[in-house]
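# Descriptive analysis of the structure
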Amino acid sequence: MDMLSKLTHLFQQALETREPPVNLLDSFVDHWKGITNYYIETTGQTRPVKQTDIPWRLKQMLDILVYEEAQQGQEEMGPCMEYLLQHKLLETLCTLGKAQYPPGMNQQVLVFFSKILVQIQKPMLHILNVYRPVQKLVRLCGLPGSQTEKEEAQFMFVVCSRVKQDPYVLNYILEIKKDNHSKRSISTSEDTEKGRSGETVSSNYPTASDPASTSSPQQHSPTDSPSTIFPANAGLIHVLVHLSRSQKSRVALKAFESLLLLVSIPKEDTAVCLAESTPLCQLLAERLCELFSQLPATLEPADIHSFPQTHWNVPFSQSGMQESQSFPGSEHMENFFAWLDFLDHLMREAPKSLAVKLAKEIHHCWLVGVLQHELLQMSEMGVLVNTALLCCSVRHIQSPAMVEELVSFLLGRQTQSEQRLDTESHVLRYQLIEHCDHISDEISITTLLLFEALLQKPHREILFNLVLRNLENRCYLTRTLGGGDDCRHFTDTDPVEENEELEEDPFFTDMYGEDEFNSSEQLLHRPQLIREHRCSGQTQALDIVNSFLCLVPQEAKTSQHVQGARYETYVHDAHEQFKECTAFLLDWDWPESLKPTELSVSSSDFFEGHFLKVLFDRIGRILEQPYELNLQVTSVLSRLAVFPHPHLHEYLLDPYIILAPGARSLFSVLIRVIGELMQRIEVIPNFTEKLVHVRRQLMGLDGESGVVVLFEGERSPPSEVLRTLEQVFIKDLCTLLRSSFPLS
């Protein structure tokens, strides 16, 4: 019995026997000592670190720290983490990585730092013995000839991610020193988060909102080499910009994403810190100048104009690489416009203060420092290529801050009406407008494309600067004796004496036809039109359309001879253009009605402005210009006419206004063009038949190649002129007259 009791007791003891609990701290310390003992026991060996147990021990240490945190409360710090901080293990690892012993140690340190910052959930970067080694490791990244770019980019991305989570730690990573006169400091709740190590944040690190913490970054020329731009003790910003240049697409993409994380921090204090206390904006703008300088001078303008909108991450995607265009210089163009789009994206994501700072830096460094000289040079080829590049850049730029700087650079900030002889108040603006009337047709077309792209930007000062400031006082009108603001001649009681000159013109009276509209839309007799002009807005718009359509004489019209060529086919596209144009007009606070005229302003003072002057001059020479140039001139005028400003509509589109002496309008210019055209038509036999034939060629409906020249010695056949006047300009323009009275 006793024997049975003893056996039972022994079995019970065996069952109750458990393995003694593992001491995490002892295990953590053992792994660390295993690493340090390697350096004590081995010297002079060149065996790579991956052939030692160091990577395994670092992984075990990381697993212990993660497990310990999971077992602790939210506010508690475990003994292993305390040991890591008290004994400055991260500092030691950083030193070992810098020594690169054993070979490849730096890579292991970068991986360990990245994983600990990702897997440890508690905030760490505010602790002295964490952010100091992080600072040192950052300075070891981005060195010339580095073999660890992949690990460096991942480490920088992790650091930026932690900064995005806790923006106040940015100052510790950037090493921004606090000025002695600073009166601000980090809040107590953020500063005093301590471990048992007793180490906290150094008092030398201010908040991002500290105005005294700012310092002027060292200035660099855009032509400086990367070695002079990249300092020996580079910080976070320098390293990220350096990694963004990497030939390894994944490394560059990580650097781009890290920069996006930094600038998209919504706190305004952080934005001010990045804008004023770091070289971020300067380095980004200088990189843009560097990529621009790499563009070959032999680029073809046609390749530039056809270059698609490039998203900043396209070069990093396989589909983007497959779809990229291939022509001499295409790779450099892709790099430049991808970087420009990236900067534009940064400015859209960044708080306003940072976006404005970056835009101003680009204005100073690239627009004024580089591009302005290229646009004002004497070489026609240089002007052509750089204007095309600027036009393509305008299409890429979307951020409000950059559009603001672009408008300031191209047009200036003048608000007074233009003076005819003033060519010095903004030299670049004047020269660009003059280039619209350049002896080189290519330069003229490219510059017109530039202004058309500019007019598509949602910025009210563009139209005001180019046109509206000269129309504000309506000095283009003849003042009535009563000084009233209704200076038109189509009221019920007013005589129509001012029409006599036009009606006596044989080329004007022959222009009225009845085939363009159906029976319900036939042109009204002149007196009836005058009496019924104010019946309704739609009637008014229809009358104006009739007036423009009737400019083209019947014998010179080809619409009825070519299927699908009547003006109604363009109404849909015209309304789409109108919707696009007016989508951003809600905040522009434009008047709904015409401004009363002022007697104190003399009509003889009217000058339409240099921009409209050049456009009218071009329209007046439409018979002598190439077809492509005529199309672009009328395209810009159509873009202007679609803006629903009452002064602009009155001046451009109302054929019934009484012009002041010496003033001209679009309608008056077109009348002279048609008169000259009729004189030329009279000497050509079978004109209509030849005209239809050429138009079919231009529309791709005729299989024959070449263009029939109707006027021998002319630079462009009249068919081109007629198609421009009738199809592209008059019809499109007239369908865009009034937003509130669309034509049915």
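Before reading on, note that the structure itself is shown above.
All values reported here derive from a predicted model rather than from experimental measurement.

Rules behind the numbers
- Positions within a chain are numbered from 1, following the residues in the order the chain's sequence is written.
- Selection of residues for local features in this predicted model requires a pLDDT of at least 70, selection of side-chain atom pairs for listing and counting requires 80 or more, and totals for whole chains, interfaces and linings are taken over all residues.
- Side-chain numbers here rest on the full set of heavy atoms in the structure, without hydrogens or water.
- Three labels apply to residues, based on accessible area from a 1.4 Å probe with only protein chains included: buried if under 20% of the type maximum, exposed if over 50%, partly exposed otherwise in between.
- To qualify as a helix, a DSSP run of H or I must reach at least 4 residues; to qualify as a strand, a run of E must reach at least 2; elements of each kind are numbered from the N terminus.
- A carboxyl oxygen of Asp or Glu within 4 Å of a side-chain nitrogen of Lys or Arg is what we treat as a salt bridge.
- Between N-to-C directions, angles span 0 to 180 degrees; the directions come from axes that are lines fitted to C-alpha atoms, helices contributing only their stretch in contact.
- By the definition adopted for this analysis, an angle is roughly parallel if under 35 degrees, roughly antiparallel if over 145, roughly perpendicular if from 65 to 115, and oblique otherwise.
- Any pair of residues with heavy atoms lying within 4.5 Å of one another is described as a contacting pair.
- Think of it as three bins: nonpolar holds Ala, Val, Leu, Ile, Met, Phe, Trp, Tyr, Cys and Pro, charged holds Asp, Glu, Lys and Arg, and polar takes everything else, Gly as well.
- Each pair of aromatic rings taken from Phe, Tyr and Trp, with Trp reduced to its six-membered ring, is defined by centres within 6.5 Å and is described as stacked if the planes are under 30 degrees apart, edge-to-face if over 60, and tilted in the remaining cases.
- Here, a charge over a ring is recorded when the distance from Lys NZ or Arg CZ to the ring centre is within 6 Å and its angle to the ring normal is within 35 degrees.
- Put simply, a crossing is left-handed when the front helix is turned counterclockwise from the back one by less than a right angle, and right-handed when it is turned clockwise.

### Topic: helix 12 (residues 236-243)
Among the 8 residues in helix 12, 7 count as buried, and that is most of the element. Considered for burial, the residues of helix 12 that qualify are Leu236, Ile237, His238, Val239, Leu240, Val241 and Leu243.

### Overview of the pattern of salt bridges
For the structure shown, the criterion picks out 18 salt bridges. Here Lys122 makes a salt bridge to Glu69, at a shortest N to O gap of 3.9 Å. Of this pair, Lys122 sits in the loop between helix 6 (105-119) and helix 7 (128-139) while Glu69 sits in helix 3 (residues 54-71), and the two are 53 residues apart along the sequence. Accessibility assignment for this pair places Lys122 and Glu69 in one class, buried. A salt bridge links Arg664 to Glu608, with the shortest nitrogen-to-oxygen separation between them at 3.3 Å. Residue Arg664 is located in the loop between helix 32 (646-653) and helix 33 (666-681), and its partner Glu608 is located in the loop between helix 29 (571-582) and helix 30 (610-620); the two are separated by 56 residues in the primary sequence. The class for Arg664 is partly exposed, based on a relative accessible area of 24%. Its relative accessible area of 5% is what places Glu608 among the buried residues. One salt-bridge network, in which partners are shared between bridges, spans Glu608, Lys613, Asp617 and Arg664.

### What about the packing of helix 19 (residues 352-375) against helix 20 (residues 380-396)?
Orientation of helix 19 relative to helix 20, taken along the N-to-C sense of each, is 140 degrees, at an axis distance of 8 Å. Overall, the two elements helix 19 and helix 20 adopt an arrangement that is oblique. Contact with helix 19, carried on its side by Trp366, Leu371, Glu374 and Leu375, involves Gly382, Val383, Asn386, Thr387, Leu390 and Ser393 of helix 20 and no other residues of that element. Taken together, the residues of the contact of helix 19 with helix 20 sort by class into 5 nonpolar, 4 polar and 1 charged.

### Some details on the packing of aromatic side chains
All told, the structure shown has 24 aromatic pairs when counted by the stated rule. Here the aromatic rings of Phe256 and Trp312 are separated by 5.8 Å at their centres, their planes lie at 15 degrees, and the arrangement is stacked. Of this pair, Phe256 sits in helix 13 (residues 249-263) while Trp312 is found in the loop between helix 16 (301-305) and helix 17 (318-323), placing the two residues 56 residues apart along the sequence. For the pair Phe256 and Trp312, one class covers both residues: buried. Measuring from centroid to centroid gives 6.0 Å for Phe616 and Tyr651, while their planes differ by 40 degrees, and the two rings are tilted. Taken together, the positions of Phe616 in helix 30 and Tyr651 in helix 32 put the pair 35 residues apart, joining distant regions of the chain. Taking relative accessible area as the criterion, Phe616 reaches 0% and is therefore assigned buried. Members of the aromatic cluster, connected to one another through ring pairs, are Phe292, Phe307, Phe327, Phe336, Phe337 and Trp366. Residue placement shows Lys254 over the ring face of Phe157; its charged tip is 4.0 Å from the ring centre.

### What to know about the packing of helix 23 (residues 441-455) against helix 31 (residues 627-641)
One way to put it is that helix 23 packs onto helix 31 with a least axis distance of 10 Å and a crossing angle of 20 degrees. Considering the angle they form, helix 23 stands roughly parallel to helix 31. Crossing angle aside, the handedness with which helix 23 passes helix 31 is left-handed. Every residue of helix 31 that contacts helix 23 at Asp441, Ser444, Ile445, Leu448, Leu449, Glu452 and Leu455 is listed here: Glu628, Leu629, Gln632, Val633, Ser635, Val636, Arg639 and Leu640. Of the residues contributing to the contact of helix 23 with helix 31, the split by class is 8 nonpolar, 3 polar and 4 charged.

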